[in-house]
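Architecture at a glance
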Amino acid sequence: MGWAVAVAVVLSASPTFVTRGDVTPEADLRREAQAAWTSLEAQYAAQAGGLPTRAPVTVALQQGTALPPERNAQGRPGVVELRQNAPGVLDARTRTALRHELAHQLLWWACPASSEDRLFHEAFALTVSGELPAWRDGPYQSLSSAAQAVASAPAVDTRRARRGLARILGEHTGFPAALTRRLRQCQDGARWAATLTVEELADVAVLAPAPATVVVSRHSGEVLFAEGDVRRAVPYGSALKPFLYAAGTALARADAGASPRGASAPPLLAPRPGVQEWACGAGLPPKVDARTALLRSCNGWFLDWEATGRAPAGFGVWGPVLSSVGLTGLPADMTEAIGLRSAHGLSPWGMAQAYRLLAEARPDVLALLTGNVDEGTLSGLATSKALKGVATKTGTVRDAASRPQLGWIAAVDADLVAVIVRPGKMPRHFVNELPALLARVHRQAGLDAARVQVLGLLPSATVEARCAGAGFSLDDGTPRAAPGDFSRLDALTARGPAVCLGSPWRVRFPDGPDGGRDYAGVFTWSTPPPYRPPPGVPTTPSALKARRGSDFIFRTTRVQYTAGVIAAEDVTLHGEARVALARVVAHNERHAEPRHPGRAVCDTTHCQAFRGTVRVRPEESRALRLKPLKWDAWLTFSQGGATPWSEVRPRAEVEALLGANLVSLRFEAGRVRYLRTEGTPAAPYEDASSLPCDMLRAGLKLPSCPQRASFDGPQVRFEGQGRGHGEGLDVEAAKASPGLSSDALLERAFGARAPRPPTP
């Protein structure tokens with residue numbers, strides 16, 4: 001009993017409030033803060049369904065020395081700054097400002113995931129601080145003008161924006177439902193992938209739709225092009241029907257019986273003549289299947305599917321995905337799911353993220369959607385042929401008179417996901433923009449996929465990953481939400497790819513960099529075949545791991561991969577030398593067969609180092625716009641240079657690689673040639689052998705292939721210059737040749753190699 005009481009006290013404990021004597025009376029201020037916190041905490045718990053288990057932090061209450069004239073207080077985590085006009089007087093204005101700032105402190109403690117969502121923070125603070133009535137005083141303000149005021153100041157840091165926010169908060173009686181949903185999201189530990197929108201808060205569309213366009217990479221997830229307010233949620237029409245199809249066909253794909261929610265494979269349904277919702281083109285067959293219904297966007301089929309009682313509710317297994325990328329609410333019925341009633345909205349950015357995951361999880365659905373330009377809602381147009389092979393889905397939001405208010409097109413090709421939203425237009429009237437958009441983005445170099453085996457030198461069970469956006473593991477095409485914190489990458493990829501929507505994966509492992517590394521792309525599990533070194537070739541345990549490869553395959557864009565290798569190999573490179581190395585790196589990603597037959601390139605020095613994705617520099621983009629290299633082989637490179645070095649290794653370590661009884665060592669033409677004493681003491685003889693010098697360099701961890709070696713009792717001294725294996729492109733020499741183009745640098749390094757045979 002005593003323990004339970006102690007726990008209850010800890011869970012409901014307030015922060016320690018600390019004063020410094022510049023706001024007085026201090027005791028009254030601390031009591032006011034304590035009382036305000038207790039009230040705020042109770043309101044939070046009532047809406048969120050509980051409180052965090054960790055104790056609140058200490059909060060310092062102090063005089064604000066640089067407050068703007070329009071503010072009575074401001075804060076940051078752990079600190080509240082107040083304006084006190086008269087010493088020793090805690091007037092009503094100061095008390096209100098204190099409650100407002102403590103509301104922010106409460107959220108920073110209880111809901112850290114929302115820290116960057118300024119609209120959510122301000123909406124919560126205005127709601128719970130008791131100041132809403134004062135903000136509502138004044139002339140009448142329409143909901144649309146209030147929304148415009150908030151939209152024009154997304155930080156909600158002006159009087160006009162806060163008055164507009166108060167107007168929106170007053171639209172509904174009681175605690176705002178949108179805030180309650182978000183607070184429960186906090187308590188459940190769900191991701192904060194999309195910030196709160198004005199529409200979500202008001203629960204209606206209050207701003208006139210505006211054009212918006214966004215394109216993201218299927219591989220890295222990065223936004224490649226954005227125009228307009230791509231983060232604003234608007235009604236989506238029929239654009240989400242593929243997610244209903246995916247949810248409904250998941251069971252048929254798995255040959256399962258019944259869904260946990262009672263859904264089953266989509267049925268064959270007879271059209272109902274004269275029913276407006278079945279008016280989806282001439283020549284419908286006597287029985288319409290899900291494929292035809294999806295391509296023709298037959299609302300009647302989806303409504304009749306629901307009437308069977310076997311349709312997935314709330315988008316089925318795809319509901320959590322759509323919610324995680326900003327869907328403002330799950331549909332209550334099929335009319336909301338297919339957009340006949342515009343009860344909820346999704347942003348173009350959220351739509352693109354959802355289609356990226358759908359493309360990864362259900363390539364069969366994407367293949368179906370490529371038929372849209374042949375037999376669906378985008379067929380029979382002059383643009384249709386230009387979109388051959390592109391998966392598309394349209395959506396139209398109409399008013400009560402069936403006039404188009406908003407048109408959607410979502411499109412997916414081999415590398416890109418594009419979403420176009422246009423007000424007042426049907427998709428067929430602006431689809432001509434799509435081919436030009438895709439062509440425009442494809443002019444960015446290196447957007448095709450690159451694959452690399454990663455983290456192979458580490459035990460798989462020690463690698464952990466976390467998605468700061470919305471992470472999902474795919475289980476035979478079914479998305480499963482990834483844990484919010486770091487979790488084992490092998491578990492995330494056990495049943496299918498692991499995809500992070502809205503941010504890169506953050507990967508960490510023992511003895512790795514603090515905080516981990518960013519990997520913007522998709523992880524999959526793929527066990528490599530056993531590696532057996534050639535007979536008689538000495539191989540260290542580390543080299544065995546590198547030559548085996550990795551269980552983890554990482555996919556990103558080729559330009560992201562190239563930039564990551566450059567950053568790992570030589571971050572100081574710039575200019576034509578960086579362009580030259582980037583061209584070699586990108587070339588080798590396509591020529592990994594000599595390193596790992598039938599497998600992707602690896603991320604160790606056995607191939608070329610790669611330690612995650614980084615910001616792409618102009619040189620990498622320029623390199624990938626140039627013509628492919630003419631050599632049809634793996635191209636080597638090394639740090640090179642002329643800096644002399646001298647290092648000592650135990651003789652026993654050298655003989656463990658080359659064999660016992662070494663007599664001499666010499667180096668020439670990229671090989672180490674050595675003599676060993678063989679035979680018996682009575683009949684000794686010397687045996688000559690040679691190996692690639694890089695095996696010795698790697699095995700002994702020498703800076704480069706030595707130029708000479710000398711024996712000194714139990715030790716061997718090696719001397720050389722530069723770094724690396726000394727073959728191919730000498731990076732330091734390239735740096736020292738500023739007048740040469742990348743073509744000239746590469747010709748100097750590889751010109752003697754046989755070029756690629758001509759294409760027949």
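Below: a short report on this structure. (Residues numbered from 1 in each chain as written. Predicted model: local features only at pLDDT ≥ 70, side-chain atom pairs only at ≥ 80, totals over all residues. Heavy atoms only, no water.)

Attention now moves to the sheet that holds strand β23 (residues 662-668). With respect to topology, three strands assemble into an open sheet ordered β23-β24-β25, the strand pairing being antiparallel. In this open sheet, the two edge strands, each paired with only one partner strand, are β23 and β25 (684-692). Neighbour-to-neighbour, the strand axes of the sheet open up by a mean angle of 20°, direction not taken into account. One ladder, built from six bridges, connects β23 with strand β24 (residues 671-679); its direction is antiparallel. Bridging across to β24, S664 finds its partner in L675. (Pairing = 2+ DSSP bridges. Helix = DSSP H or I, 4+ residues; strand = E, 2+ residues; numbered from the N terminus. Axes fitted to C-alpha atoms, helices over the stretch in contact; angles between N-to-C directions.)

The tally for this structure, following the rule as stated, stands at 36 salt bridges. A salt bridge links R362 to D364; its shortest N-O distance comes to 2.8 Å. Note on R362: relative accessible area 1%, which makes it buried. A single salt-bridge network, built from bridges that share partners, covers D448, R558, E589 and R590. (Salt bridge = Lys/Arg side-chain N within 4 Å of Asp/Glu carboxyl O. Buried < 20%, exposed > 50% of the residue type's maximum accessible area, 1.4 Å probe, protein only.)

It is worth spelling out the packing of helix α22 (residues 575-589) against helix α27 (residues 742-750) at this point. Between α22 and α27, whose axes approach to 8 Å, the crossing angle comes to 55°. The angle between α22 and α27 falls in the class oblique. The way α22 lies across α27 gives a crossing that is right-handed. Where α22 abuts α27, its residues E576, A577, V579, A580, R583 and V584 lie against S742, D743, L745, L746 and F750. (Parallel < 35°, antiparallel > 145°, perpendicular 65-115°, else oblique. Left-handed = near helix turned anticlockwise from the far one by under 90°. Contact = heavy atoms within 4.5 Å.)

This part takes up the packing of aromatic side chains. The full count for this structure, using the stated rule, is 17 aromatic pairs. Members of the aromatic cluster, each reached through a chain of ring pairs, are Y519, F523, F554, Y561 and F610. Over the ring of W192 we find R182, and its NZ or CZ is 4.8 Å from the ring centre. The ring of W349 carries the charged tip of R231 above its face, separated from the ring centre by 3.8 Å. (Phe/Tyr/Trp six-rings, centres within 6.5 Å; stacked < 30°, edge-to-face > 60°. Lys NZ or Arg CZ within 6 Å of the ring centre and 35° of its normal.)

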